[in-house]
Amino acid sequence: MMMQDLYLIVEIAGQRAVLPASFVESVVEVEDIAPVPCAPPHVFGLFALRSRVLTVIDTIAALGEGQSARGEKQAVIVTVDGHLYGLLVDNVDDVVPIEGAAAKPRALLSPGWVRFSKGVLEHDGQPLLLIDVPAMIAGPLDLAA
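Residues numbered from 1 in each chain as written. Predicted model: local features only at pLDDT ≥ 70, side-chain atom pairs only at ≥ 80, totals over all residues. Heavy atoms only, no water.

A.B. asks: What should I look at first to understand the pattern of salt bridges in this one?
C.D. replies: A pair can form between side chains of opposite charge whenever their charged atoms are brought close. One pass over the structure, following the stated rule, counts 2 salt bridges. In this structure, Arg 16 engages Asp 93 in a salt bridge whose closest nitrogen and oxygen atoms are separated by 3.2 Å. With a gap of 77 residues between them, Arg 16 in strand E2 (residues 15-20) and Asp 93 in strand E8 (residues 91-99) connect regions that are remote in the sequence. Take Arg 16: its relative accessible area is 29%, and that puts it in the partly exposed class. (Salt bridge = Lys/Arg side-chain N within 4 Å of Asp/Glu carboxyl O. Helix = DSSP H or I, 4+ residues; strand = E, 2+ residues; numbered from the N terminus. Buried < 20%, exposed > 50% of the residue type's maximum accessible area, 1.4 Å probe, protein only.)

Here it is, written out as structure tokens:
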């Protein structure tokens, strides 16, 4: 029997993708996100959730596709190395079981998606990019230089 893992289907910058459910704490509506002066462009700001402050990651900026607008947003709350982060997403679909390992993408991906994707998983005949959650939180490579 093949191992099934659970994934959360989301949409980011018009692209359907999946996050491993093992990272996901919850999905929340966020607003009143406080900007952080001098933060990298992919850090949207700070948000208080249940008396804990978390860093909100602008996934659109991380992908190099502009910046997300201010206002109410959906965020997937994830835990990486014991820290909470909010990943801004356009839409949250469903948690689904998917069997098997990620395959190489059959189509050319933008440089941002190449950096943040661990391949493609198939669900109901649809290709879904598997997001590398720690890489997306770390942000674009050129910021580390």
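Let us keep going from here.
A.B. asks: Quick question: what am I supposed to make of the sheet that holds strand E3 (residues 24-30) here?
C.D. replies: What links the strands of a sheet is backbone hydrogen bonding, and the strands pair in either a parallel or an antiparallel sense. Strands sit in the order E3-E6-E7-E5-E4 across an open sheet of 5 strands; the sheet is mixed. The sheet terminates laterally at E3 and strand E4 (43-49), the two strands that pair on one side only. Averaged over all pairs of adjacent strands, the angle between their axes in this sheet comes to 30 degrees, without regard to strand direction. In this sheet, strand E5 (residues 52-57) lies alongside E4 in antiparallel orientation, the contact comprising 6 bridges. Bridge pairing in E5 links Gly 45 to Val 56. (Pairing = 2+ DSSP bridges. Axes fitted to C-alpha atoms, helices over the stretch in contact; angles between N-to-C directions.)

A.B. asks: It is not clear to me how the side chain of Asp 58 should be interpreted in this structure. Could you clarify?
C.D. replies: Of note, Asp 58 is situated in the loop between E5 and helix H1 (59-62). Buried within the structure, Asp 58 lacks any salt-bridge partner; its nearest side chain of opposite charge belongs to Arg 70, at an N-O separation of 7.4 Å. (Lys, Arg positive; Asp, Glu negative; His and termini not counted.)

A.B. asks: How should the packing of aromatic side chains be read in this particular structure?
C.D. replies: Two descriptors summarise a pair of aromatic rings, namely the distance from one centre to the other and the angle between the planes of the rings. Per the counting criterion, the structure on display carries 0 aromatic pairs. In this structure, Arg 70 packs its charged tip against the face of Phe 44, placed 4.2 Å from the ring centre. (Phe/Tyr/Trp six-rings, centres within 6.5 Å; stacked < 30°, edge-to-face > 60°. Lys NZ or Arg CZ within 6 Å of the ring centre and 35° of its normal.)

A.B. asks: What is the right way to read the sheet that holds strand E9 (residues 117-123) from this model?
C.D. replies: Pairing in this open sheet of 5 strands is mixed, and the strands run E8-E1-E2-E10-E9 from one edge to the other. The open sheet terminates on both sides in strands that have one partner only, identified here as E8 and E9. In this sheet, neighbouring strand axes are inclined to one another by 35 degrees on average, regardless of whether the strands run parallel or antiparallel. With 7 bridges joining them, strand E1 (residues 4-12) and E8 adopt antiparallel strand pairing. Looking across to E8, one finds that Tyr 7 is bridged to Val 96.

A.B. asks: I'm lost on the pairing of E2 in this one. Help?
C.D. replies: In summary, the side chains of a regular strand alternate between the two faces of the sheet. Across 6 bridges, E1 lies against E2 in antiparallel orientation. Looking across to E2, one finds that Ile 12 is bridged to Gln 15. What sits between the antiparallel neighbours E1 and E2 is a turn of 2 residues, in which Ala 13 has the positive phi angle 50 degrees. Here E2 runs beside strand E10 (residues 126-131); their pairing, made up of 2 bridges, is parallel. When the bridges of E10 are listed, Ala 17 appears paired with Leu 129.

A.B. asks: Explanation requested: a nonpolar patch on the surface in the structure shown.
C.D. replies: Among the surface-exposed residues, Val 36, Leu 46 and Val 53 lie close enough to one another that they form a single nonpolar patch of about 230 Å² accessible area. Topologically, Val 36 is positioned in the loop between E3 and E4. When its relative accessible area of 31% is taken as the criterion, Val 36 is described as partly exposed. (Patch = residues over 30% accessible without salt bridge, like charges linked within 9 Å, V, L, I, M, F, W, Y side chains within 5 Å. Areas by Shrake-Rupley, 256 points an atom, 1.4 Å probe, with all protein chains shown as cover.)

A.B. asks: Even after reading the chapter, I still don't get the environment of Phe 116, so can you show me in this structure?
C.D. replies: Secondary-structure assignment places Phe 116 in helix H2 (residues 111-116). Along the primary structure Phe 116 and Asp 93 are separated by 23 residues, whereas in three dimensions their C-alpha atoms are 20 Å apart. Setting aside residues up to four positions removed in sequence, Phe 116 forms contacts with Ala 62, Leu 63, Leu 130, Ile 131, Asp 132, Ala 135, Met 136, Gly 139 and Pro 140. (Contact = heavy atoms within 4.5 Å.)

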